[in-house]
Amino acid sequence: MDTSGRADTDSLQLFLGQLQPEGDAETSWLKDMFSFLSEHLFPELSGPAPHAADDVLTGVSVVKKIQDNMAAPHRLPVSYRPVSVSWLLSLQHLACVSNPSWSTNQQRAWTKEAELSLPGHLALPRVNLLLIGCLREGRAGEWRLTDASGSVRCECLSPSPMWLNRPVFLPHWNYIPHNAPGRDPEEAGGYVELIGSPVLLCPGPEQGLAVCPGAGAGLSRVVGVREAAGLLDNSLYLSVSTCLSLRARGQRLSVSGLVGSVCPQLVVAGTTFFCFWLTDGAHALRVLVKDRSRLWWTQCVCVGQSVCVTALRVCVLRGWRGNNVLCVTDCSELHTNYTHTDTLLDTAPPLKMSHVDDEECEEAEPERGVNQSGVRIKKSRVISYQGTVTEVVSEGAGLYVIDRRVGLCLAYQPTLRRKLRPGDSVELHHVHFLYRPCPDFPPSMLCTCLRSSLRVASFSRVGASPPASSCPSDGALPRLLLEKNTGVSEYLWACHLSSQLTHSLVPSVLQQQCVCVLSWKLMESVLEGRGRRGRRDIYSEMLDDPHTCPLTQYRVDPSVPRCISVSELSRSLQSSCWSLVSLSSLLPPGGSSLTRTQINAALAWSCRSLSSDLQDRPLDLHHQPSDLQDRPSDLQDRPSDLQDRPSDLQDRPSDLQDRAADRLGWRPLLLVGVLQLPQRSGDVSLQLRDTTGAVDCVVTETREEEEGGQRAAFNTAWIGCLVCVQKFTMVTERFLQSDFPSYQHLDQEEYITHRHCRVYLQFSLDHVHILSPSVAMVTYLEQRGEESGGDVTDRRQRGGEEEEEESPPGRKRRREASASSVTVTTGPVGGGSRPCVSMVIRVEQKEGVAWRNMVAGLKGEEAGLTLCCSVRAAVIGPVVSWGRDPRNEPMTDSETESEVKVVLVLSGRSARWFPLLQPGCFYRLTAHTQDPSVLIGRGASGRKGVELHTDSTLHVRSDWRLHTLTRPLLQAPSPAVRSVSDVLDCRSELVCFQAQVSDRISLNDRTSDSAGVCTGVRLTVCDPTGRTLQVYLDLSHTPYPPGLLPGNTLLLSAFQRRVSRSGGVYCSSLPVSSVSVEALVETSSVRPPPAPMMHLGTWAGIRKQRCIVGQVRCHVVCFLFLHLQWSCSLCGSLYQQTCSSSQCSSTSSVFQSTAKLVVDDGTGEAHVWFSGALVRPLLRLADSQWAGLQRALRVRGHLRVSPRGRSLVCDSDDPLLHFLLCVCSSDVVCRQLSLTCRNQNKQKPEDVKRFIRGERDFMTRVTPSPQLTCLTCLHLDAD
């Protein structure tokens, strides 16, 4: 020990003596350096690596080389301290950079340049640390910096084989720890990035071209690529056994050439290997490297570099259907930058692009074909590219952005050992250029295959930004790509879906489901298997010439759906509700002639409906059937927040993927969320919710009966399901409270007192994809016989109040007698099951939901105005006790024994079940308690001796649940549902009927204190025969029901049928009335069915229900009168330059026109009234003539023309009157017409008239001509 200590002291003194430190600081630093070298470096030099015999000389050499790389070479770097690898890995927790040669100004300039190149990122902080060690070969071709304390992975830009197993000093390096932002926490430690070349601390042996012992001497000389390729071509004609015999004789080959391509490192069946190509411009050779001791070559071989590889052997690659390849042996050596004069190559290195012009690439991109759906099959281009990584889109999915405009996809290659960071300069060779493969990504995309090579030319100077919240297992996407082998367009869209769903899915789904798997499933279900390919041939992809791979062809589909969040959709629809509409476009034709009352009534309600596929232009549905057409004025001057395109729905600024979406035209929309019951107390609609918000939904589903057809949603199994809604209609209802004096004031907003809108969705469950089902949906799917495999029917717990474990299907039943009822109990189930009681009910009638005064009594319910509804139902069988929740499992035999009537009262939170309770359906009502009496209804109390005929009442509590039984053992009787024709012809006081809405008018109570509240609605409904009926709904005490739109089919229950004083039939709502949307309107069939064809003789003879709309084909007999007048827009009085009423000071007027004609269709005559916009086309006047007619009447104010027949001679000198008389009696006006008319219900009784024919008098009863009002007029040709 003493001898060793004195030797160390002597070595230290000798070390200090040769370096001659100045001052205590340098002496202390040299002592620490010698101690560090003795402890961490010298033990490494005693191994196989070459080293100096004298440690002192080695230490002196190390210090001097460190001095040579300092900013001040004449001084020792006392501010820097050497650190071991173990210290670096365990104590350096922040990314950093070290460069002893920097001065302060140089370091500041470096920092400024780094931060200016990537705004929003901070440059790596500088540390005064020194790294010294030996570069060794690691596992799978890694380079590692080692010392006596450990090793760290070392990433090099252009390593040389001369560096391996040599002690080095790193003059400039970065360190990226595993806990730095953006790093993979599963990595064992950080890594070092070596910038530039290391400083070799001791000399090593020179590389030569000596042949390995045992190798044949015939091929020992270095040959070029052309000569070696000729040898391989000749070997093609040899048999496999001959090639194997040549390999057994030890034939070896040394080849020099340019590196043309470097394939990524692969692991197949436990064997790690990579390939690279040698070329001389005209010929190419494939070199296979699978020797474990040569895998580190993958970092030394660079495209465009001249190399020489020795001791290669010819081998047959069984997995490749092509030719022989050259294989590296354990004696092979790699010589980089080879310049032997005999084989010097003049081939220029491959050109690299540093930018991509979108317009030029779009024209130059070869196009293969276009199918009927607009999907184009295009062929990619193979290029080389050099750029800087500016954004990491998804590290796990291998998606980046280069130069802020070019996308990079690395998913078709194995995962990089070193993840790319913003600021990395990369060189890409043999990379595929694709233009617009996915509208959610930049137009220009670079995608690497197994033939492509990626090399980092310079490491990033900035630290990684905090990663965006994404799926923690986004690395599953490349694994799914490898398994499914889908196209690049489909993969990119799945990655975009993963990013969107990560931000929008509710937390309970994020905790239970992998977003990447859900995104992939969604992609496959929406695109319906598009892009599936056969098995991927990796050897052909790397070695074939010409090159083929999955990226050779790709799809360009501009109609790929865009997935948006609920809040994005709602916010965009609300913001565009009023900004994209002109109030004049909401008025019916001839709106300029409407009075003040008519204008404000027409503006009170309007609706804008937009289909999710955006195939059609948006529809504006108003109060007139003729207004169902598109409004061109509603499509102009659109701001950039919507433009009727999903790509403009308020894109997030940080989402670079959406920058080019607005250039691809209209794209369908896609919504993903959880279906749930309404959460707020005032809502009565189902909702689609994600983490950003919720939107009300009007939902229908297909009937399970054989006749099919749509009906209102009734299946509670949909509640809690994560679904994708692919086809839906976005509805924005606009409510406007205004007091516009006239048409000319519509652009003045001071006349608007209140306005608001309501946004909701309409869709059918047939257009919904289940991504993650509820437990009840799993049971429902199993009952339908569908496949229950995979995570679609996964039974694991999903969070929420219906997520509980299922029990085995076997049940043990026993019967118990009770004083109040008979209950059946199932055997208890182990685990965390909850006992409950249930009963099966069949809904017979449900009353409307309304705000009612409720007394406090139920648990959790408060007294006061509460949302309430009641349901009349039949209880099937007894109350059953369960050891766990049966949910929607099929009915048992004991649940079909008896039938008792009951009235279910749902108030407060329990009223949320209202939209799913439909007449004729079976439900299981479940309460989590062990007391069966809670489900026993209470009868009404009465006096002694009085017999009560009321059903028992059961108040449904908020924590009870209802489950739809879609496969009951009993068949429910079909409820009697009438049509409009039946209602018009029947005499019942209360009716239940189904009809399609053809018109709607909003009724506002202007005496109400709450301005702008829609207190009522008048609906005009019809049936397929065209017969119409008006229905009045009182909404003053009920929540506003969505879906009352023209085109939708409604089920109206318990409405009162009334007859007006004029004999017309209409219906009005009662407190017990309810409305359900049974079928949704299709954009292609918005218009209601046409009115029935009527004969005037038949119409005049109808005594029942004369309030009917019909079509008439007739000709004009004569004009009875024509009345033209300027009226005051406020009071309606005659307007002659000023209002004729002394009490009105209005200065605005409107032009009104009315005409009455006699028409005949061969079966009878009728008097038809025309008004408003129908008068001008009736008179066949041009727009200029009509405008001149209005100017001529400005002074006199009005004019009445009474032709009274064709032969009238006008004695007046008024030229205007004479002109109108001629027009009314001309053949141009008296022509054939097709009219849609409504009876005015002003029918007179039959008169007894006397006719004289010759000498005889006749007395007969004459039916008066019907009085009709024209709604539409179509001119027929004379033929």
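Everything numeric in this text was worked out from a predicted model, so none of it was measured. (Residues numbered from 1 in each chain as written. Predicted model: local features only at pLDDT ≥ 70, side-chain atom pairs only at ≥ 80, totals over all residues. Heavy atoms only, no water.)

> Tell me what's going on with the overall build of the protein chain, and back it up with residues and numbers.
Looking only at helices and strands, the protein chain features 21 helices and 62 strands. Considering the protein chain as a whole, with its 1279 residues, one finds that 53% of them fall into the buried category. Counted over contacts in the protein chain with a minimum sequence separation of 6, partners at least 24 positions apart contribute 72%. Looking at the protein chain as shown, the accessible area adds up to about 57,000 Å², and 49% of this sits on carbon and sulfur atoms. (Helix = DSSP H or I, 4+ residues; strand = E, 2+ residues; numbered from the N terminus. Buried < 20%, exposed > 50% of the residue type's maximum accessible area, 1.4 Å probe, protein only. Contact = heavy atoms within 4.5 Å. Areas by Shrake-Rupley, 256 points an atom, 1.4 Å probe, with all protein chains shown as cover.)

> Let's hear about helix α5 (residues 104-117): which residues, and what values?
Helix length check: α5 (14 residues) gives 20 Å between terminal C-alpha atoms against 20 Å at 1.5 Å per residue, within 8%. Within α5, burial applies to Q107, W110, T111 and A114. All buried residues of α5 fall inside an arc of 100° around its axis, so they share one side. In α5, the exposed residues that point more than 90 degrees away from the buried face are N105, R108, K112 and L116. Contact partners of the buried residues in α5: β2 (96-98). (Expected span 1.5 Å × (residues − 1). Arc of directions from axis to C-beta.)

> Tell me about the side chain of S380, and name the residues and values.
Checked against the element boundaries, S380 lands in the loop between β19 (376-379) and β20 (381-394). Assessed through its relative accessible area of 9%, S380 is described here as buried.

> Let's hear about the pairing of strand β36 (residues 752-764): which residues, and what values?
In regular strands, side chains alternate between the two faces of the sheet. With 5 bridges joining them, strand β32 (residues 693-702) and β36 adopt parallel strand pairing. Considered in β36, the bridge of V698 is made with Q762. With 10 bridges joining them, strand β35 (residues 729-738) and β36 adopt antiparallel strand pairing. Note on β36: the bridge partner recorded for F735 is H756. (Pairing = 2+ DSSP bridges.)

> For the packing of helix α9 (residues 476-484) against helix α12 (residues 515-527), give the residues involved together with the corresponding values.
Running from amino to carboxyl end, α9 crosses α12 at an angle of 40°, the nearest separation of the two axes being 9 Å. Classified by the angle between their axes, α9 and α12 sit oblique to one another. α12 is crossed by α9, and the crossing has right-handed handedness. Within the contact between the two elements, α9 uses A476, L477, L480, L481 and K484 and α12 uses C516, W520 and E524. (Axes fitted to C-alpha atoms, helices over the stretch in contact; angles between N-to-C directions. Parallel < 35°, antiparallel > 145°, perpendicular 65-115°, else oblique. Left-handed = near helix turned anticlockwise from the far one by under 90°.)

> So, the state of the cysteines: which residues are in play, and what are the values?
Throughout the structure, instances matching the rule amount to 0 disulfides. In this structure C869 is not part of a disulfide, and its nearest cysteine sulfur, from C868, lies 6.3 Å away. C1144 carries a free sulfur, and the closest cysteine sulfur to it, the one in C1128, is 3.6 Å from it. Look at C1144 and you get buried, because its relative accessible area is 17%. (Disulfide = S-S within 2.5 Å.)

> Any details on the nonpolar core? Residues and values, ideally.
Counting 64 residues, the largest nonpolar core has L446, Y491, L492, W493, L522 and V672 as the members making the most contacts within it. If we ignore the near neighbours within four places in the chain, the residues touching L522 are L497, L501, L670, V672, C724 and L771. (Core = buried A, V, L, I, M, F, W, Y, C linked by side-chain atoms within 4.5 Å.)

> Now, about the pairing of strand β30 (residues 669-676): what can you tell me, with residues and values included?
Of all 8 residues in β30, 8 are buried, a share of seventy percent or more. Inspection of the sheet shows strand β27 (residues 562-564) paired to β30 by 3 bridges, in the parallel sense. Residue pairing in the sheet places C563 in a bridge with L670 of β30. Bridge count for β30 against strand β31 (residues 686-690) is 3 bridges, and the pairing is antiparallel. Looking at the pairing, Q676 lines up with Q687 of β31.

> Any chance you could break down the pattern of salt bridges for me, citing the residues and the numbers?
Considering all chains together, one arrives at 21 salt bridges under this definition. A salt bridge links K901 to E844, with the nearest nitrogen and oxygen atoms 2.4 Å apart. Taken together, the residues span a long stretch of sequence, with K901 in strand β43 (residues 899-907) and E844 in strand β40 (residues 836-846) at a distance of 57 residues. What makes K901 partly exposed here is its relative accessible area of 34%. (Salt bridge = Lys/Arg side-chain N within 4 Å of Asp/Glu carboxyl O.)

> Would you mind going over the packing of helix α10 (residues 488-504) against α12 in detail, with residue names and values included?
A packed helix pair is summarised by two numbers, namely the angle formed by the two axes and the spacing between the axes. Where α10 contacts α12, the two axes come as close as 8 Å, and the packing angle between them is 130°. Taken as axis vectors, α10 and α12 run oblique relative to one another. At the point where α10 passes α12, the crossing takes the right-handed sense. From α10, E490, Y491, W493, A494, L497, S498, L501 and T502 reach across to α12, where they touch V515, C516, S519, W520, L522, M523, V526 and L527.

> Now, about the environment of C1224: what can you tell me, with residues and values included?
As for its placement among the helices and strands, C1224 is situated in helix α21 (residues 1215-1224). For C1224, a relative accessible area of 1% puts it in the buried group. With residues near it in sequence (within four places) discarded, C1224 still touches F1119, L1122, L1179, P1203, V1229 and C1230.

> Go over the environment of V289, please, and point to the residues and values.
Checked against the element boundaries, V289 lands in strand β14 (residues 284-289). Placed 24 residues apart in sequence, V289 and Q265 show a C-alpha to C-alpha distance of 9.4 Å. Not counting the four nearest positions on each side in its chain, V289 is found in contact with T272, F273, F274, F276, R294, L295, W297 and V328.

> So what's going on with the packing of aromatic side chains? Residues and values would help.
For the structure shown, the criterion picks out 14 aromatic pairs. Ring centres of Y1032 and Y1066 lie 5.7 Å apart, and the angle between their planes is 85°; this geometry places the pair in the edge-to-face category. Residue Y1032 is located in strand β49 (residues 1028-1034), and its partner Y1066 is located in strand β51 (residues 1065-1068); the two are separated by 34 residues in the primary sequence. You can call Y1032 partly exposed: its relative accessible area is 30%. Given a relative accessible area of 23%, Y1066 falls into the partly exposed group. Pairwise contacts between aromatic rings join F15, F34 and F42 into one cluster. The side chain of R451 reaches across the aromatic face of W277, ending 3.7 Å from its centre. It is R1200 that lies over the ring of F1121; its NZ or CZ is 4.2 Å from the centre. (Phe/Tyr/Trp six-rings, centres within 6.5 Å; stacked < 30°, edge-to-face > 60°. Lys NZ or Arg CZ within 6 Å of the ring centre and 35° of its normal.)

> Run through the confidence of the model for the protein chain, naming residues and quoting values.
On average, residues of the protein chain score 79 in pLDDT, and 77% of them are at 70 or above. With pLDDT under 50 throughout, residues 617-665 is counted as low confidence; its partners more than four residues away or in other chains account for 157 contacts. (pLDDT = per-residue confidence, 0-100.)

> Could you give an account of helix α2 (residues 23-45), with specific residues and numbers?
Along an α-helix, residues three or four positions apart point the same way, because every turn accommodates 3.6 residues. The terminal C-alpha atoms of α2, which comprises 23 residues, lie 31 Å apart, in line with the 33 Å expected from a rise of 1.5 Å per residue. Of all the residues in α2, the buried ones are E26, W29, L30, M33, F34, F36, L37, H40, L41, F42, E44 and L45.

> So what's going on with unusual backbone geometry? Residues and values would help.
Here D545 and P546 are connected by a cis peptide whose omega angle stands at 10°. When you line up the elements, P546 lands in the loop between α13 (538-543) and β26 (553-556). Backbone geometry at Q20 places phi at a positive 50°, although glycine is not the residue there. Summarising the element assignment, Q20 is placed in the loop between α1 (2-19) and α2. On the basis of relative accessible area, Q20 is assigned to the exposed category, the value being 61%. Phi is positive for A1054, close to 55°, though the residue is something other than glycine.

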